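For reference, the chains in residue letters:
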Amino acid sequence: MLASPRLVYLLKFAGPALIVVWLVAYMVSDQPAYNSVVRQFKSERDIFITDFLDHDVGGQLDGSSISELCASKTWTPGLMLSCDPQSGGFGQVKDAHLNCIRFAIEAGAELVLPRIIKRDDKNVANTRPKNGGGPYIGEFIDYLFDYEYLNQTLSEHCPQLKLYRSMNELWDVPQVQSARKISLQDVGTKLNGSVIEDMNTLSEQIKSYIDRTEDPETRPFPIRFRSDVISSVFPTAYGNPELAKNFGRLLRPRKDARVLAAIALYNLHKKYQLNLDPKQGFQHSTFPGLHLRTEADATPIFPPFDDQVSTLVELVTNSTAGFAFVATGETEERRQKLSKKAEAVGVTMVYKQDLMLDEPEGRELLEQLTWDQRALVDYEIMLLAGLTVGLSGSIFDWNIALRRNSVPGADGEPPSLATSSPIQHQDRYSILLGSSEKADTLRATVWP
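Residues numbered from 1 in each chain as written. Predicted model: local features only at pLDDT ≥ 70, side-chain atom pairs only at ≥ 80, totals over all residues. Heavy atoms only, no water.

K.L.:
What's the story with the sheet that holds strand 1 (residues 79-83) in this structure? I'm lost.
P.N.:
Strands belonging to one sheet form pairs held by backbone hydrogen bonds; the direction of such a pair is parallel or antiparallel. With parallel pairing, the 5 strands of this open sheet are ordered in space as 3-2-1-7-4. Where the open sheet ends on each side, the last strands, each with one partner, are strand 3 (163-164) and strand 4 (180-182). Summarising the sheet, strand 2 (residues 110-112) and strand 3 pair through 2 bridges and their orientation is parallel. Its bridge partner being in strand 3, Leu111 is matched across the sheet by Leu163. Of the strands in this sheet, strand 1, strand 2, strand 4 and strand 7 (223-227) touch helix 5 (residues 90-107), which is tilted by about 160° from strand 1. Strands strand 1, strand 4 and strand 7 of the sheet are contacted by helix 7 (residues 202-213), whose axis makes an angle of about 150° with strand 4. (Pairing = 2+ DSSP bridges. Helix = DSSP H or I, 4+ residues; strand = E, 2+ residues; numbered from the N terminus. Contact = heavy atoms within 4.5 Å. Axes fitted to C-alpha atoms, helices over the stretch in contact; angles between N-to-C directions.)

Here you go:
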């Protein structure tokens, strides 16, 4: 029997359609194969950006130590913790958020994430501006960090910890609109400076304090406790070493800043023929990354501008690279002053703004970011430098140095350095200069 014209018509289109469906099903089930096919249609620039976004320094986060920590705690239904908003730069805010998350885990409580106080961009030394004379409750966590990544990662590795992006999600829960005060001092924790001396008893101390303050039989359900900002408190050397390597990576800079960093790095890579490969990390990178910390909010914590400039120029005088990337929030006038000093010894100083000169859209987006958000771009670029040089009193620089220190090979032969400044930290990939009193505390408490 001959096929009807209608059947022939259907078969004509069904065959190719079935092939397409099969190909899609195959590629979805085989992600590497799918990615390989897609890469063939991307430009070199787009591939670089994709690789940068897909490959973290040190590899993907290993959440097993976080899962182990959360599984070891006793969780109390209806118990909530919130922490006061933090002001300052990326490093300070990251530290406060991580400490708050860890406090909630130790308490076995749900967590309302802290807000972030946005500094005055017209006067960056003013880190706690007033809001029309009233209290300023701050920005959501998305202001600096990738909330979706944090929430997804904790949902996978610490499902016991329920997160609330803000108190707005609890508008219809009257019991938690007011909160009881709690602090490490309240619970009886012994501190060495700001650092907890004995982590073994902390969870029990917190629970005992909460039960003494609010009887479990009669207290409201749910109930919220509020903590001040917690900074430089938890000793990272305590417990599983893998936790020290991975816990800080819960907080990843917001994606638009990471995209800008990828674009900047690609342009740096092309301009200086660096052969950078984000998939390979920074171990084969050759460009030096320097941190100039002399902005208006840095006085008197860090050395004066002229002293830092002299130190950086001293460091790059014999550089074989011929250029260095400089992470800074300084004004154009002061950046040019450093550049002229470096040019006198044959070295070009490169800033994130320079790497956007041929990127109209990227330049516009960079200019739209606030002062602290632009620092995220610097941070991501610095992570991929061959050698970074920073300041021992900067939590920003300790985040970079310790993150890179966790990568295999960091304990190899450190580079020789021509500097008259004291060295507080040195490994194969990073150097921190100066004699800051905060250095030992930051070394002991920063989760990179």
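Okay, back to it.
K.L.:
Is there a simple way to explain the pattern of salt bridges in this structure?
P.N.:
A side chain of one charge can pair with a side chain of the opposite charge when the charged atoms of the two come close. In total, this model carries 26 salt bridges according to the counting rule given. With its nearest N and O atoms 2.7 Å apart, the salt bridge here joins Glu295 to Arg293. Residue classification places Glu295 among the buried positions, given a relative accessible area of 5%. Exposure remark for Arg293: the relative accessible area of 14% places this residue in the buried category. The salt bridge involving Arg293 is made with Asp297; its shortest N-O contact spans 2.8 Å. Note on Asp297: relative accessible area 15%, which makes it buried. (Salt bridge = Lys/Arg side-chain N within 4 Å of Asp/Glu carboxyl O. Buried < 20%, exposed > 50% of the residue type's maximum accessible area, 1.4 Å probe, protein only.)

K.L.:
Explain helix 11 (residues 332-343) to me, please; I cannot follow it from the model alone.
P.N.:
Along an α-helix, residues three or four apart share an orientation, since each turn contains 3.6 residues. Taking 1.5 Å per residue as the helical rise, helix 11 with its 12 residues ought to reach 16 Å, and the 16 Å between its terminal C-alpha atoms agrees with that figure. Every buried residue belonging to helix 11 is among Arg335, Leu338, Ser339 and Ala342, and all of these are buried. Along helix 11, the residues classed as buried sweep out an arc of 100° about the axis, all on the same side. Exposed residues pointing more than 90 degrees away from the buried face of helix 11 are listed as Glu333 and Lys340. Residues of helix 11 that are buried in the fold lie against helix 10 (305-316), strand 9 (323-327) and strand 10 (348-350). (Expected span 1.5 Å × (residues − 1). Arc of directions from axis to C-beta.)

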